[in-house]
Amino acid sequence: MRISVIGCGYLGAVHAVSMAKLGHDVVGIDVDTARIGDLAAGRAPFFEPRLPDLLAEGLTSGRLEFSTEMARAAGADVHFVCVGTPQRKGEYAADLRYVDAAFAGLAPYLVSGNVVVGKSTVPVGTAARLADQLTDDAPGAVLVWNPEFLREGHAVQDTLSPDRFVYGVPDNAAAAAAVAALDEVYAAPLSTGTPRMVVDYATAELVKTAANSFLATKISFINAMAEVCEASGADVTALADAIGMDERIGRSFLNAGVGFGGGCLPKDIRAFMARAGELGADQALTFLREVDAINMRRRSKVVEMTREICGGSLLGKRVTILGAAFKPESDDVRDSPALSAAAQLQLQGATVTVTDPEALQNAKGRFPELNYELVTENALLGAHAVVLLTEWKEYRSLDPEATGALVADRNIIDGRNVLDPAAWRAAGWNYRSMGRP
Ligand code: UDX
């Protein structure tokens, strides 16, 4: 099939290369000339496992192209809208300006029978509004809302082997042909054994927001338990293992630590609260305020623990932060707990050096006041405290003895509960973690 992908950020770039991998002819479109220049030249604009290989394969095959011109979408049968929906400045609500611009820009190139597929995470009610607009601007084009559940760091794998497909369709006769077209895009082997649900627009939009809210709630639940463990001397990791064995609960997303960040969970729960307020259903989501508050408290807790481990004051102390990305296998620093804690530590008088294998360039752009060092050993030199905040495998496998030889004081805070307390204590470290004695 001929496909256009509007928006080549984390979601769109991965979607475009994955669709080319499936054998479709794909054009990826974005207003960012630098990004399109990179993609067209075969350079992945961000770190994502497998993206460089699929990009090279798609470009070489001739099935994948990139452009800054919306006109290049003309002639495609299916158009995926993958632009971002960031949090509005100073507000909880989502900023829909990129979605609106994408639909307005695309409309003149649509012909009757085209299918427009919304993949961006939007407030419930957006798809119905956009479908109405399409009826006026591009008669005969049909909108399907098809949320994407990919995780950064696993984005290609999640796109090529999804857990499920959700299609939000209009309540009219055009729905059947649109479903068939999307089925053809996601044909075997992608669709083999993958459940598919066809629902109304509002349900499709809510599936995404509800899933992210549930994941955020799971993380904040275990972080709340970590607070209670800290007050009572219990061990949150053992607690998570034990409750996770109940399959109704499940062990995944119960890792206590410095909490969740990234471009999705924090802003999605806030946008969800804002939207529920507009709908008069704000009471239903007041618990998400607490989910957010617990999450932010963990960042402050790490700062407080670092101050304590440094003897009560951070003035004149050298602190090394291991990790800048919001999670491993990503160079994304949007709302990164690691950088937020690092900035707070620096504000309180510490000299902070941040190291990360992939995210330093992005981190420098957002927090120019911090010090950065790519080589872990260099970053550790002379540290009075080491704080592990992103669990890259190179930090999980650090040797306590060799690390100890580099630092000024053997103080470590394990903000992700991934190190072996016994091994670090045996090497003379003052070891502290989140919710573990
Ligand atoms: C998330 C959803 O998982 C994905 O389905 C959706 O499409 C987009 O948002 P992503 O933001 O890529 O994906 O990362 P995810 O793996 O969910 O991690 C989010 C944050 O939670 C990270 O900062 C991570 O470190 C943190 N986390 C995750 C925990 O603190 N504890 C856990 O147990 C799991």
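Just so we're clear, the structure is a prediction, and the values are computed from it rather than from any experiment.

Undergrad: Which parts of the structure should I look at to understand the overall build of the chain?
TA: When helices and strands are tallied, the chain shows 17 helices and 14 strands. Across its three principal axes, the chain shows a C-alpha extent of roughly 70 × 50 × 40 Å. For the chain, the residues scored as buried account for 48% of the 437 residues in total. Across the chain, contacts joining residues at least 24 apart in sequence account for 71% of those joining residues at least 6 apart.

Undergrad: Looking at this structure, I do not really get unusual backbone geometry. What am I missing?
TA: Between Ala188 and the following residue, Pro189, the backbone shows a cis peptide bond with an omega angle of 10 degrees. Relative to the helices and strands, Pro189 resides in the loop between α7 (175–185) and β8 (196–200). Here the phi dihedral of Asp335 falls at roughly 45 degrees; this positive angle occurs in a residue that is not glycine. Tracing the backbone shows Asp335 in the loop between β9 (318–322) and α12 (337–347). Even without being a glycine, Asn417 presents a positive backbone phi close to 55 degrees.

Undergrad: When you look at helix α1 (residues 10–21) in this model, what are you seeing that I'm missing?
TA: Residue pairs three or four apart in sequence face the same way in an α-helix, which turns once every 3.6 residues. For α1, with 12 residues, the first-to-last C-alpha span of 17 Å sits near the 16 Å given by 1.5 Å per residue. Judged by how many residues are buried, α1 sits mostly within the fold: 12 of 12 residues are covered. The complete set of buried residues in α1 reads Tyr10, Leu11, Gly12, Ala13, Val14, His15, Ala16, Val17, Ser18, Met19, Ala20 and Lys21.

Undergrad: Please clarify how the pairing of strand β5 (residues 115–118) should be interpreted in this entry.
TA: Every regular strand shows the same layout, with side chains that alternate between the two sheet faces. Burial along β5 is two-sided: the residues Val115 and Val117 and Val116 and Gly118 are all buried. Inspection of the sheet shows strand β4 (residues 78–81) paired to β5 by 4 bridges, in the parallel sense. Among the inter-strand pairings, Val78 is bridged to a residue of β5, identified as Val115. Once you follow β4 into helix α4 (residues 97–106) and on to β5, the crossover reads as right-handed. In this structure, β5 lies alongside strand β6 (residues 142–145), joined through 4 bridges in parallel fashion.

Undergrad: How should the sheet that holds strand β11 (residues 371–372) be read in this particular structure?
TA: The strand order across the open sheet formed by 6 strands is β11-β10-β9-β12-β13-β14, and the pairing between neighbours is parallel. Looking along the sheet, the strands with just one partner apiece sit at the ends: β11 and β14 (430–433). Sitting on the sheet, helix α11 (residues 286–309) is in contact with β9, β12 (385–388), β13 (411–414) and β14, with an inclination near 165 degrees to β13. Where α12 meets the sheet, its contacts fall on β9 and β10 (351–355), and the angle it forms with β10 comes to roughly 160 degrees.

Undergrad: Please clarify how the confidence of the model for the chain should be interpreted in this entry.
TA: Reading fine detail from the predicted coordinates is not recommended where pLDDT is low. Residues with a pLDDT of 70 or more make up 100% of the chain, whose mean pLDDT is 97. ipTM for the predicted complex: 0.98, alongside a pTM of 0.97.

Undergrad: I would appreciate a short explanation of the nonpolar core in the present structure.
TA: Most often, soluble globular proteins keep nonpolar side chains buried together rather than apart. Core analysis: the biggest nonpolar cluster contains 124 residues, and Ile6, Val81, Val144, Ala342 and Val387 have the highest contact counts within it. Viewed by domain, this core spans two of them, domain 1 (2–194) and domain 2 (198–437), each represented by three or more residues. The residues touching Val81, leaving out its near neighbours within four places in the chain, are Ile6, Gly7, Val99, Ala102, Phe103, Val116, Val117, Gly118, Lys119 and Ser120.

Undergrad: Please clarify how the domain arrangement of the chain should be interpreted in this entry.
TA: Interfaces are often described in size by the accessible area the parts lose on coming together. The assigned domain composition of the chain is domain 1 (2–194) and domain 2 (198–437). For domain 1 and domain 2, the distance between their C-alpha centroids amounts to 31 Å. Looking at the side of domain 1 that touches domain 2, the elements that each hand over two or more residues are α5 (126–137) and β7 (165–169). Tallying contributions element by element places β7 first for the side of domain 1 that touches domain 2, with 4 residues. Partitioning the side of domain 1 that touches domain 2 into residue classes produces 19 nonpolar, 6 polar and 3 charged.

Undergrad: Where do I start with the UniProt feature "domain: UDP-glucose/GDP-mannose dehydrogenase C-terminal" (unreviewed entry) in the chain in this structure?
TA: In the numbering used here, UniProt assigns the feature "domain: UDP-glucose/GDP-mannose dehydrogenase C-terminal" (unreviewed entry) to residues 320–421. As annotated, residues 320–421 comprises 32% helix and 18% strand, and the C-alpha atoms at either end are separated by 19 Å.

Undergrad: What should I look at first to understand the site of the ligand in this one?
TA: Around the ligand there are 19 residues in total, and Glu152, Asn255, Phe260, Gly262 and Cys264 lie nearest to it. Per-element tally for the shell around the ligand: the top contributor is helix α8 (residues 201–232), with 3 residues. Its residues placed into classes, the shell around the ligand shows 10 nonpolar, 6 polar and 3 charged. Counting contributing residues per domain, the shell around the ligand is built from domain 1 (2–194) and domain 2 (198–437), each supplying no fewer than three.

Undergrad: Just checking my understanding: could you explain the pairing of β6 for this structure?
TA: Neither face of β6 is exposed, since Val142 and Val144 on one face and Leu143 and Trp145 on the opposite face are all buried. For the segment spanning β5, α5 and β6, crossover handedness is right-handed.

About the thresholds
- Numbering of residues begins from 1 in every chain and follows the order in which that chain's sequence is written.
- For this predicted model, a pLDDT threshold of at least 70 governs which residues receive local features, and a threshold of 80 or more governs which side-chain atom pairs are given and counted, while totals over whole chains, interfaces and linings are taken from all residues.
- By the criteria applied, helices consist of DSSP H or I runs no shorter than four residues and strands consist of E runs no shorter than two, each listed in order from the N terminus.
- Any residue surrounded by 20 or more other C-beta atoms within 10 Å of its C-beta is treated as buried, while 12 or fewer makes it exposed and the intermediate range makes it partly exposed; C-beta atoms here are placed from the backbone.
- Placing C-beta atoms from the backbone, we regard two residues as in contact once those atoms come within 7 Å.
- A helix is expected to span 1.5 Å multiplied by its residue count minus one.
- A pair of strands counts as paired when DSSP detects no fewer than two bridges linking them.
- With strands facing away from the observer, any crossover in which the path from the first strand over the helix to the second runs clockwise is taken as right-handed.
- The convention used is that axes are lines fitted to C-alpha atoms, helices contributing only their stretch in contact, and that angles between N-to-C directions extend from 0 to 180 degrees.
- The predictor attaches a confidence to each residue, called pLDDT, with possible values from 0 through 100.
- A set of buried Ala, Val, Leu, Ile, Met, Phe, Trp, Tyr and Cys residues, joined through C-beta atoms within 7 Å, is what we mean by a nonpolar core.
- For each domain, the first and last residues come from an automatic or database assignment.
- Residue classes follow a fixed rule: Ala, Val, Leu, Ile, Met, Phe, Trp, Tyr, Cys and Pro count as nonpolar, while Asp, Glu, Lys and Arg count as charged, and any other residue, Gly among them, counts as polar.
- UniProt positions are given in the numbering used here, feature names are shortened, and annotations may be inferred rather than shown by experiment.
- Placing the C-beta atom from the backbone, one calls a residue near a molecule or strand if that atom lies within 6 Å of it.

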